[in-house]
Amino acid sequence: LADAMFFWQQDQKQPLESFNTALDKVVFQAKLGTVAEKTKRVAALSQSIAEQLGANIEYVNRSVILSKCDLMTDMVGEFASLQGVIGKRYAQLAGEAEEVALAIDEQYMPRGASDDTATTSTGQVISISDKIDTLVGIFAIGQKPTGEKDPYALRRASLGVLRTIIERQLDLDLKQLIAMSAELFSDKVDASKVEQDVFDYIIERLRAYYLDRGILADVFDAVSALAPSRPLDFDKRIKAVTVFRGLAEAESLAAANKRVGNILKKSATNSVSTINEGLFIEEAEKNLFDVLNTLSETVEPLFVSGDYETALSQLSSLRDPVDAFFDSVMVMADDDAVKNNRIALLHTMNQLFLRAADLSRLHQS
């Protein structure tokens with residue numbers, strides 16, 4: 001404790017920001033440059049995210065400048081686990097805005113699976129930026145985790161990004177963030193080639209996140225099949241499909257979607273989208289067409305607004321007309337025009353469900 005008090009007093013003899021100059025000599029990663037260079041990249045990415053979220057740009061810029069300063073203090077030099085915590089305390093003592101001080105600590109959140117995500121918008125922005133920068137950089141130099149080896153804690157970083165975006169309800173596009181980060185590495189390494197790999201890696205962590213929370217694997221598969229790039233939107237779909245899966249109509253419609261998917265795969269005309277009402281012969285196909293038309297108008301605004309739960313609930317009313325269609329209509333009719341028209345009808349229905357998820361991936365109980 002006497003040592004700690006000594007370090008505390010020594011560190012106070014100079015402004016927190018003055019420790020920044022020493023970061024030019026601290027290597028973050030040999031191929032990716034110094035901690036000072038990393039901080040510049042994080043600053044650029046943070047500014048862009050802050051603009052998207054309407055966060056306080058001044059706070060964000062100030063927090064990034066101070067974010068790694070405490071790494072060079074005597075206190076953190078002796079007690080490494082205090083990184084961020086000491087930066088916050090020194091910033092508070094120096095009279096920095098409270099949100100700026102908190103963000104210096106919150107950049108490392110969540111530190112573990114049970115830890116909270118950053119509470120301030122400034123902290124959330126920097127936490128996401130810092131982790132994305134590490135992920136993209138380490139992937140770009142070919143050091144992505146293998147098996148049990150994860151020296152840069154990229155699994156934890158991925159989960160941290162996802163949890164912060166979802167739990168703090170931030171409408172951010174993960175692919176866009178990764179692309180912006182990759183661009184910032186252009187003077188060091190070509191990171192553009194790993195953008196998809198980084199995205200896939202982070203989304204795979206999302207599977208574990210949901211399974212840990214009791215979401216069924218087939219629900220995750222149904223949503224991830226569409227590869228939504230906004231984690232918050234992904235989360236809305238997961239919740240909607242989970243509710244849908246519990247409906248009485250779900251099993252029948254999941255089976256129908258699987259059947260439709262198989263028909264469209266085998267058919268070379270699955271791109272046909274124009275439906276000719278004059279070619280309808282059976283009452284069931286006319287009825288399905290009418291119901292689809294009415295439903296499309298109702299659910300389209302719901303999909304646009306991201307209300308997938310209500311949209312899927314509305315689409316559940318398709319069960320009876322779809323069952324009737326398959327009971328009485330031969331899709332692969334001898335007449336090509338009639339056959340293609342029926343395939344176009346199924347294609348239209350399939351596209352409607354695919355606005356939310358690939359329900360053909362749901363397992364029948």
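Before any of the text, the structure's been laid out above.
For clarity, every value in this text was computed on a predicted model and none was experimentally measured.

Conventions we followed
Residues numbered from 1 in each chain as written. Predicted model: local features only at pLDDT ≥ 70, side-chain atom pairs only at ≥ 80, totals over all residues. Heavy atoms only, no water. Helix = DSSP H or I, 4+ residues; strand = E, 2+ residues; numbered from the N terminus. Expected span 1.5 Å × (residues − 1). Buried < 20%, exposed > 50% of the residue type's maximum accessible area, 1.4 Å probe, protein only. Contact = heavy atoms within 4.5 Å.

S.K.: I'd like to hear about helix α10 (residues 195-212), residue by residue, with values.
M.R.: Helix length check: α10, at 18 residues, gives a terminal C-alpha distance of 26 Å against a target of 26 Å (1.5 Å per residue), a fit within 8%. Burial in α10 covers these residues: Val 198, Phe 199, Tyr 201, Ile 202, Ile 203, Arg 205, Leu 206, Tyr 209 and Tyr 210. Looking at the buried side of α10, the elements it contacts are α7 (121-140), α8 (154-167), α9 (174-183), α11 (217-224) and α12 (231-245). At the C-terminal side of α10, Gly 214 shows a positive phi close to 85 degrees.

S.K.: Which residues make up unusual backbone geometry, and what are the values?
M.R.: Residue Met 109 is joined to Pro 110 through a cis peptide bond whose omega torsion reads -10 degrees. Take Pro 110: it is sitting in the loop between α6 (98-106) and α7. Non-glycine residue Ala 153 carries a positive phi angle of around 50 degrees. Looking at where Ala 153 falls in the secondary structure, it is placed in the loop between α7 and α8. For Gln 169, which is not glycine, the phi torsion reads 55 degrees and is therefore positive. As for its placement among the helices and strands, Gln 169 is situated in the loop between α8 and α9.

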